[in-house]
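Listed below are the residues making up each chain.
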Amino acid sequence: MGAGRYDVIVIGGGHAGCEAAIAAARLGARTGLFTLNRNMVAQMSCNPSVGGIAKGHLVREIDALGGVMGQVADRTGIQFRLLNRSRGPAVQAPRVQCDKELYRIEMQRLLAAQDNLTVEEVEVAAILRRKDRLVAIETASGQRIDCSTLILTTGTFLNGLCHVGEHKFMAGRSGEKASLSMAKSIRDLNLEVGRLKTGTPPRLERSSIDFSGLEVQPGDEVPTFFSFGSREVQHQQVSCWITHTNPGAHQVIRSNLHRSPLYGGEILGIGPRYCPSIEDKVVKFPDRERHQLFLEPESLQSNAIYVNGLSTSMPMDVQRALLDRVVGLEGSVVIRPGYAVEYDFVQPTQLHASLEVRKVAGLFLAGQINGTTGYEEAAAQGLVAGINAALKAQDKEPLLLNRAESYIGILIDDLVTQGVDEPYRMFTSRAECRLLLRIDNADRRLMPHGFQVGLVPERTYRAFQKKWLRIDKACNLLKTKHLNKFDPFSSDFRQRFGVKLGASLSQILKRPEVGIENLGGFFEGQGLALDSEERHVVETQIKYEGYILQQLRDSDRLRSLEGRRISSGFNYGDVPGLSREVVERLLRVQPDSLGQASRIPGITPAAVSILNVYLDLRKG
């Protein structure tokens, strides 16, 4: 056992725990990461990928704040793809197929090299507090370890119960024991606790799959990285494959629904709506004759193939019959069957926006314990919790991100304001001003925060500032430069696009048929060297200028509501004109701002106006 006292203790070595521990340690806090199995720290328990629609935005934001998930994903990526390439810039997002073995190794290397951080293999049995404040933890062996702050990132391990057909066993994930004593300790805090469920598909032996009739899905030739500091691919790149279920496979499922723990009543937890099991897909979409399956290599070091889209908890013999009816998977060898896992979560409306528990000062929660699903959502919460736990240990004000500036702010605000009744997943549609929250400007939105708290190095920050000075200068040049007959591209613009002399280059670039590549070497002729990513940002800023300005106005209105702070312990019962139902909802969530109050389900615009007037009167 290491140190007898820590500034910050992180329990759980998943994606949330890794971000939390590294962030806290980098901010100067003496940090301990406690895990049941140090060899499984940063394990990709489910799919071997990072990113996707909205999730890729989260990872870019993590990187901009000084987190590490994007760096590790880029360093261990074996296929890079930019999703929604044909759609608008607000919904384009990177996704990286990672080598899951290398991902774990690389993250563990970062943890081992981090100053102020100790990784300990120990089971934590209880949370110790004095009145309403955290003071220490107690291990399963009875040792007390004091700490200023504690971050729980327990994933699916709290009372974890796995299901494979009629067979069920206590585990946080296959092969690893559940955390029972910690689950009891959390319930002893009198927190509202619920039950959720997630699942995973079978893994297959690559050599047993017939790929000859399957659609090949290669990666992009030019990768889109997560980290603003990444420059090159570091590993061999691979393809994935696509196949589909069919009516025969669906009939296997329908004939055996009585053996499904999901439909037989064995599983009580609510599963993710947007990542359903194959049983759910067949039952809820009876008219669909097929569902798409992606065959994804898990590692360059293994022959395991992850069957994305075939999450199931059916009995092993049913899984076998199902696979035998899918093209390419007939007779495939199952390395590990699919299974479902139920686990405890804490209703996140009991948290501040800093992710600190309202009832227990110094206790922070991050990841699936807050009802979310996905590596990216977990890592984003872990980073925020790690920053704020370290700041609290140092008696500093927390970092609070708002909806107008980040998807991370949206994620946390949704959790603490609305709570969850199913596993929460991030979507771009959750953003009110999503054109402002693009992957290409995540650094502009959040790197100043990362630098201010101390996670972003000064050298990185100075390079970021120079980058955006170049981009702003390029945008201004396009707005002030007007086409004349001496411009090298003048003839081309007039003949191909019908452009008249005197038009500004920004007006010309706003035409849908004109791209920034049509400007040739204009920027170089102005003494301005832009890389391809910077040129893309310039084009986006110009083409969508009108929409961006409108969303900036919407963002300002959103920020003004967020700026109306509501003090802790505010008595809503004293506000004349608020109904009993509204008062009960406000007391349950205890919003930190008028903006957060306005987003609580059941809070009407009239109630917000009444509260706004009352706050003005109190201020006066």
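Residues numbered from 1 in each chain as written. Predicted model: local features only at pLDDT ≥ 70, side-chain atom pairs only at ≥ 80, totals over all residues. Heavy atoms only, no water.

Participant: So what exactly am I meant to see when it comes to the sheet that holds strand 18 (residues 334-336) here?
Facilitator: Hydrogen bonds between backbone groups are what pair the strands of a sheet, and the pairing can be parallel or antiparallel. Pairing is antiparallel in the open sheet, where six strands are placed in the order 14-15-16-17-13-18. The two strands at the open ends of the sheet, each matched to only one other strand, are strand 14 (215-217) and strand 18. Strand-to-strand twist in this sheet, taken as the mean axis angle between neighbours without regard to direction, amounts to 35°. Summarising the sheet, strand 13 (residues 203-205) and strand 18 pair through two bridges and their orientation is antiparallel. Looking at the pairing, Leu204 lines up with Val334 of strand 18. (Pairing = 2+ DSSP bridges. Helix = DSSP H or I, 4+ residues; strand = E, 2+ residues; numbered from the N terminus. Axes fitted to C-alpha atoms, helices over the stretch in contact; angles between N-to-C directions.)

Participant: Which parts of the structure should I look at to understand empty space enclosed by the protein?
Facilitator: If you roll a probe as big as a water molecule over the atoms, it shows you where there is empty space left. Applying the stated criterion across every chain, the model contains one cavity of 30 Å³ or more. By volume, the largest cavity amounts to about 30 Å³. Lining of the largest cavity is provided by Lys197, Thr198, Gly199, Pro272, Cys275, Ser277 and Ser311. Class assignment for the residues of the lining of the largest cavity results in two nonpolar, four polar and one charged. Split by domain, the residues of the lining of the largest cavity number at least three in each of domain 1 (6-47 + 101-199 + 343-439) and domain 2 (203-340). (1 Å grid on protein atoms, 1.4 Å probe; cavity = no way out; pocket = protein on both sides within 12 Å on 5 of 7 lines; lining within 4 Å. Points joined across faces, edges and corners; volume = space filled by probe spheres on them. Nonpolar A, V, L, I, M, F, W, Y, C, P; charged D, E, K, R; others polar. Domains from an automatic or database assignment.)

Participant: Even after reading the chapter, I still don't get the layout of surface pockets, so can you show me in this structure?
Facilitator: Taken as a whole, the second largest pocket spans an internal volume of roughly 1400 Å³. Lining the second largest pocket are 48 residues, and of these Arg60, Phe225, Ser227, Phe228 and Glu533 lie nearest its centre. For the lining of the second largest pocket, the secondary-structure elements that each account for two or more residues are helix 2 (55-65), helix 3 (69-75), helix 11 (442-453), helix 12 (458-480) and helix 16 (532-543). Its residues placed into classes, the lining of the second largest pocket shows 14 nonpolar, 14 polar and 20 charged.

Participant: In this structure, what is going on with the packing of aromatic side chains? I would like to understand it.
Facilitator: Geometrically, a pair of aromatic rings is defined through the distance of the ring centres and the angle of the planes. Scanning the entire structure with this criterion turns up eleven aromatic pairs. On the basis of an interplanar angle of 80° and a centroid distance of 5.3 Å, the ring pair of Phe80 and Phe225 is categorised as edge-to-face. In this pair, Phe80 is assigned in strand 4 (residues 77-83) and Phe225 in the loop between strand 14 and strand 15 (240-244), connecting sequence segments 145 residues apart. Taking relative accessible area as the criterion, Phe225 reaches 10% and is therefore assigned buried. Put simply, the rings of Phe489, Phe493, Phe522 and Phe523 touch in pairs and so form one group of aromatic residues. Its end group placed over the ring of Phe228, Arg60 keeps NZ or CZ at 4.9 Å from the ring centre. Sitting over the face of the ring of Tyr424, Arg430 holds its NZ or CZ atom 4.1 Å from the ring centroid. (Phe/Tyr/Trp six-rings, centres within 6.5 Å; stacked < 30°, edge-to-face > 60°. Buried < 20%, exposed > 50% of the residue type's maximum accessible area, 1.4 Å probe, protein only. Lys NZ or Arg CZ within 6 Å of the ring centre and 35° of its normal.)

Participant: Got a minute to help me understand helix 2 in this structure?
Facilitator: Structurally, the α-helix is built with 3.6 residues per turn, so residues lying three or four positions apart point the same way. Burial within helix 2 is extensive, with eleven of its eleven residues counted as buried. Among the residues of helix 2, those classed as buried are Lys55, Gly56, His57, Leu58, Val59, Arg60, Glu61, Ile62, Asp63, Ala64 and Leu65. Positive phi shows up at Gly66, right after helix 2, with a value of about 105°.

Participant: Would you take a moment to explain helix 18 (residues 580-589) for this structure?
Facilitator: When we look at burial in helix 18, the residues that qualify are Val582, Val583, Leu586 and Val589. Along the axis of helix 18, the buried positions cluster into a sector of 140°, meaning they face one direction only. Facing away from the buried surface of helix 18 by more than 90 degrees, the exposed residues are Arg580 and Glu584. Packing partners of the buried residues in helix 18 comprise helix 10 (407-418), helix 19 (594-598) and helix 20 (605-619). In the segment just after helix 18, Gln590 is the residue with positive phi, at about 55°. (Arc of directions from axis to C-beta. Contact = heavy atoms within 4.5 Å.)

Participant: Whenever I open this one, the pairing of strand 11 (residues 167-170) confuses me. Can you help?
Facilitator: On a regular strand, each side chain points to the face opposite its neighbour's, so the side chains alternate between the two faces of the sheet. As paired strands, strand 10 (residues 161-164) and strand 11 are joined by four bridges and run antiparallel to one another. Considered in strand 11, the bridge of His163 is made with Lys168.

Participant: Honestly, the nonpolar core in this entry has me stumped. Any pointers?
Facilitator: Side chains that are nonpolar tend, in soluble globular proteins, to be buried together. Tyr103, Leu150 and Leu152 are the most contacted members of the largest nonpolar core, which has 100 residues in total. Not counting the four nearest positions on each side in its chain, Leu152 is found in contact with Ile11, Ile127, Met182, Ile186, Leu363, Phe364, Leu365, Ala366 and Ile369. Of all hydrophobic cores here, the second largest spans 29 residues; its members include Leu509, Phe523, Val538 and Ile542. (Core = buried A, V, L, I, M, F, W, Y, C linked by side-chain atoms within 4.5 Å.)

Participant: I keep staring at the pairing of strand 16 (residues 292-297) and nothing clicks. Help me out?
Facilitator: Across four bridges, the pairing between strand 15 and strand 16 is antiparallel. Residue pairing in the sheet places Ile242 in a bridge with Phe294 of strand 16. With four bridges joining them, strand 16 and strand 17 (residues 304-308) adopt antiparallel strand pairing. In the strand pairing of strand 17, Phe294 is matched with Asn308. Counting the residues that bridge the hairpin from strand 16 to strand 17 gives six residues.

Participant: Is there a simple way to explain the packing of helix 11 against helix 12 in this structure?
Facilitator: Pairs of packed helices are described in terms of their axes, by the angle between the two and the distance that separates them. Relative to each other, helix 11 and helix 12 sit at 150°, their axes nearing to 11 Å. For the element pair helix 11 / helix 12, the angle class is roughly antiparallel. Two packed elements cross with a definite hand, and for helix 11 against helix 12 that hand is left-handed. Facing helix 11, whose interface residues are Asp443, Arg444, Met447, Pro448 and Phe451, helix 12 presents Glu458, Thr460, Tyr461, Arg462, Phe464, Lys467, Trp468 and Asp472. (Parallel < 35°, antiparallel > 145°, perpendicular 65-115°, else oblique. Left-handed = near helix turned anticlockwise from the far one by under 90°.)

Participant: I tried to follow the pattern of salt bridges on my own but got confused; where do I start?
Facilitator: Oppositely charged side chains can pair when the atoms bearing their charge come close. By the definition in use, this model includes 41 salt bridges. With a closest N to O distance of 3.3 Å, Glu356 and Lys392 form a salt bridge. Of the two residues, Glu356 is situated in the loop between strand 19 (339-346) and strand 20 (363-365) and Lys392 in helix 9 (residues 375-393); the sequence distance between them amounts to 36 residues. The residue Glu534 makes a salt bridge to Arg470 at a minimum N-O spacing of 2.6 Å. (Salt bridge = Lys/Arg side-chain N within 4 Å of Asp/Glu carboxyl O.)

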